[in-house]
Amino acid sequence: MLEKAPQFGEIGAGLQLAPNASHALASLGVLDAIAPYAVYPRRLLWRDARSGARVTALDLGERFRAHFGHPYVVMHRGDLLDVLLAAARAEPRIVLEVTREVVDVLEDDRGVRAVCADGTTFAGSAIVAADGLWSRLRTLVHDDGEPIPAQYVAYRGTIPVAELWEGAGLEDVTLWTAPGLHFVQYPIRGGMLFNQVAVFRSDRFRADGDDWGLPDELDAHFAVGCEAVQAGIARIRRDRRWTMYDREPIAQWSRGRMALLGDAAHPMLQYLAQGACQALEDAVVLADALAAYDDPADAFVAYRDRRYLRTARVQYSARLFGEIWHCGDVGATLRDAMLAPRADDDFAHVEWLYGWRRSG
Ligand SMILES: Cc1cc2nc3c(=O)[nH]c(=O)nc-3n(C[C@H](O)[C@H](O)[C@H](O)COP(=O)(O)OP(=O)(O)OC[C@H]3O[C@@H](n4cnc5c(N)ncnc54)[C@H](O)[C@@H]3O)c2cc1C
């Protein structure tokens, strides 16, 4: 495993892992190992960011868990990485290398050779490119230019639970929405930290500039928020921001003995909280395909066949959810009216997403 950073690390923020990801983690043998760090929220609660009124909710309790066979988990990204790294280190066939930025992949009849920026090369029978949204290796498989900017920007960070204000929702994943913005809050690290993500559409967006989505815009956009939203926004970190991108789905995921995985294959907007979940599903399906075929090139085609329509559906659905969350006027009134009669334990609309099975 070749990582370009000087050490394995993750940003200080949370991650939602729906039952499809829990199932993937169970398949990888690490679901029990995340338990000490995991939080199992009571429900996904959607509220209007301006009035505070409830829009709808999804129960994540016993019935949900029994229905999907695995829990909905929220946790710190660094904790998940630590668990995955420990499992990788315990496997003697895995060698972990840092400060190895792969800049090219050469292929011949016998296998592949990864060429790193520092001049080192690594030979193998095949290579999986899991190099994220800005994947350099994707261009060798399918060059469709730069990721597509969504004009939205995210601020995120964590707060020790001991420093929380009264009324902060510690049992739920809470989603607050208003036209052009949303705000997500949930506890992580076994309930010790409170994670927050504030997202808004910048009016100053420029595709060729970096001077948009700045903290003054964050404050201006969230000034419409109710008291509970204002309390959270006041405590969100402003020293770093993440601009939102995705890509159109593609059908070509491999070239010979090189395949794409995760955001390198199917970057998506985060509105369904599924980017990492889909990467975990990829990993399980890819491992099964490699075990089933002698030739890695054949395994990569089988892996693609099992994955690409599902991830395309998630990519498109994430965009649609963004539209639904961020709409205003009649659209928002219609949305709320349509969602009002929904029962909290009606899982029909998430069945296709959360009900994924390794052998499905
Ligand atoms: C605000 C926000 C909230 C999100 N929330 C969720 C959520 O709740 N649930 C969820 O499932 N997903 C969520 N996501 C999406 C999720 O973060 C990504 O989909 C996921 O991190 C993708 O994992 P990856 O391994 O494919 O890529 P990355 O996490 O980007 O990892 C790529 C790795 O490759 C390394 N690398 C890059 N180039 C090279 C190279 N040339 N050579 C060697 N190494 C290289 C990088 O250093 C990095 O370590 C969210 C995203 C955002 C922006």
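Provided above is the structure to which this section pertains.
Worth saying up front: this structure is predicted, and the values here are computed from it rather than measured.

Moving on, we get to the overall build of the protein. Scanning the protein from terminus to terminus reveals 11 helices and 15 strands. The 360 residues of the protein split such that 36% are buried. The long-range share in the protein, meaning contacts at least 24 apart out of those at least 6 apart in sequence, stands at 72%.

On to the site of the ligand, then. Residues in contact with the ligand amount to 27 residues; listed here are only the nearest, Gly132, Gly262, Ala273, Gly275 and Ala276. Tallying contributions element by element places helix H8 (residues 275-292) first for the shell around the ligand, with four residues. Taken together, the residues of the shell around the ligand sort by class into 14 nonpolar, six polar and seven charged.

Time to look at helix H7 (residues 227-234). If you check which residues of H7 are buried, you get Ala228, Val229, Gly232 and Ile233. One side of H7 holds all its buried residues, which, seen down the axis, span an arc of 130 degrees. Residues Glu227 and Ala234 are exposed on H7 and point more than 90 degrees away from its buried face.

Now for the pairing of strand E10 (residues 173-178). Counting buried positions along E10 yields six of six residues, so the element is predominantly enclosed. Here E10 shows no split at all, with Val173, Leu175 and Thr177 on one side and Thr174, Trp176 and Ala178 on the other all buried. Summarising the sheet, strand E2 (residues 43-48) and E10 pair through five bridges and their orientation is parallel. Paired with leucine 44 across the two strands is valine 173, which belongs to E10. Across five bridges, E10 lies against strand E11 (residues 181-188) in antiparallel orientation. In the strand pairing of E11, leucine 175 is matched with valine 184. Hairpin remark: E10 followed by E11, antiparallel, with two residues in the connecting loop; positive phi at glycine 180, about 75 degrees.

What counts and how
Residues numbered from 1 in each chain as written. Predicted model: local features only at pLDDT ≥ 70, side-chain atom pairs only at ≥ 80, totals over all residues. Helix = DSSP H or I, 4+ residues; strand = E, 2+ residues; numbered from the N terminus. Buried ≥ 20, exposed ≤ 12 C-beta atoms within 10 Å, placed from the backbone. Contact = placed C-beta atoms within 7 Å. Near = placed C-beta within 6 Å. Nonpolar A, V, L, I, M, F, W, Y, C, P; charged D, E, K, R; others polar. Arc of directions from axis to C-beta. Pairing = 2+ DSSP bridges.

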